[in-house]
Amino acid sequence: MRNDFVFNGKRWLAESVSGKGQAELHEFLDANTKASTTKFSNSPTIASSWTRPEVGLIKINVDADVSKGNNMVRTGAIAQ
């Protein structure tokens, strides 16, 4: 959704964004609460789960938002 907006100017209804967020949350919880596997047709089984970084390494997830309407930039980061 973000890339569609940034690169294609596509706008999404709030209900669509919320629904997508909920679907991704459920996928994340499912992948991290049990040994979950996802099967794709004609593809091998793929395990979906978060993996802890190796000792001495830190995983960093970042995101940013630019709002032209009120000249604001918001950033966020999570280090694990």
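Let me sum up the structure you'll find in this document. Note that this is a predicted model, so its numbers are computed, not measured.

## Concerning the overall build of the protein
Stage number 1. In terms of regular secondary structure, the protein is built from two helices and four strands.
Stage number 2. For the protein, the succession of helices and strands along the chain, N to C, is α-α-β-β-β-β.
Stage number 3. Considering the protein as a whole, with its 80 residues, one finds that 5% of them fall into the buried category.
Stage number 4. Taking as baseline every contact in the protein between residues at least 6 positions apart, the subset at least 24 positions apart corresponds to 8%.
Stage number 5. Looking at the protein as shown, the accessible area adds up to about 7,300 Å², and 56% of this sits on carbon and sulfur atoms.

## So, the pattern of salt bridges
Stage number 1. Under the defined criterion, the tally for this structure stands at two salt bridges.
Stage number 2. With its nearest N and O atoms 2.9 Å apart, the salt bridge here joins Glu24 to Lys20. On the criterion of helical spacing, the pair formed by Glu24 and Lys20 is a turn pair, its members being four residues apart in helix H2 (residues 14-33).
Stage number 3. Judged by its relative accessible area of 39%, Lys20 is partly exposed.

Conventions used here
Residues numbered from 1 in each chain as written. Predicted model: local features only at pLDDT ≥ 70, side-chain atom pairs only at ≥ 80, totals over all residues. Heavy atoms only, no water. Helix = DSSP H or I, 4+ residues; strand = E, 2+ residues; numbered from the N terminus. Buried < 20%, exposed > 50% of the residue type's maximum accessible area, 1.4 Å probe, protein only. Contact = heavy atoms within 4.5 Å. Areas by Shrake-Rupley, 256 points an atom, 1.4 Å probe, with all protein chains shown as cover. Salt bridge = Lys/Arg side-chain N within 4 Å of Asp/Glu carboxyl O.

By themselves, these observations are geometric and do not establish any function.
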